[in-house]
Amino acid sequence: MDIKDESQIPEPRGLDRLYSEVERNGKTVERCFSDLSREEQEKYLDVLNNEELKNVCYELSNTIRIIAEFFRFSCFYDEA
């Protein structure tokens, strides 16, 4: 996927638990936040208050940590 094309819809992966209803091929479906296009993410975030936005950040942070733990991934190098 070309990251510069913000309208492109990502392949559904279901990585986070922040679900929203969107239209896909004329049908309403539930997709998680990370499976939305940039435009759909903006619509999702535009209606949230500060506390709800904080919760989105916490949930996405938790998702990143779970994935990193599963794959034993870190951006830091051992200095041993």
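Predicted model only: the values in this text are computed from it and were never measured.

Asker: Tell me what's going on with the environment of Arg24, and back it up with residues and numbers.
Answerer: Looking at where Arg24 falls in the secondary structure, it is placed in strand 1 (residues 19–24). Residue class for Arg24 comes out buried when judged on its relative accessible area of 12%. Through-space distance from the C-alpha of Arg24 to that of Ile9 is 9.5 Å; in sequence the pair is 15 residues apart. Not counting residues up to four positions away in its chain, the partners in contact with Arg24 are Ile9, Val29, Arg31, Asp35, Leu36 and Glu40. Side chain to side chain, Arg24 and Glu40 meet in a polar contact 2.7 Å long.

Asker: Describe in detail helix 1 (residues 38–46), supporting the description with residues and values.
Answerer: For helix 1, every residue scored as buried is listed here: Glu40, Gln41 and Tyr44. The buried residues of helix 1 occupy an angular sector of 100° when the element is viewed end-on, so they sit on one face. Of the exposed residues in helix 1, the ones pointing more than 90 degrees away from its buried face are Lys43 and Asp46. Looking at the buried residues of helix 1, the elements they touch are strand 1 and helix 2 (50–70).

Asker: Give me the lowdown on the pairing of strand 2 (residues 27–32), citing residues and values where you can.
Answerer: Every other side chain in a regular strand lies on the same face of the sheet, so the side chains alternate between the two faces. Note: strand 1 against strand 2, six bridges, orientation antiparallel. Looking at strand 2, one finds that Tyr19 is bridged to Cys32. What sits between the antiparallel neighbours strand 1 and strand 2 is a turn of two residues, in which Asn25 has the positive phi angle 55°.

Conventions adopted
- Residues numbered from 1 in each chain as written.
- Predicted model: local features only at pLDDT ≥ 70, side-chain atom pairs only at ≥ 80, totals over all residues.
- Heavy atoms only, no water.
- Helix = DSSP H or I, 4+ residues; strand = E, 2+ residues; numbered from the N terminus.
- Buried < 20%, exposed > 50% of the residue type's maximum accessible area, 1.4 Å probe, protein only.
- Contact = heavy atoms within 4.5 Å.
- Polar contact = N/O pair within 3.5 Å; in protein donor to acceptor, adjacent residues only side chain to side chain.
- Arc of directions from axis to C-beta.
- Pairing = 2+ DSSP bridges.

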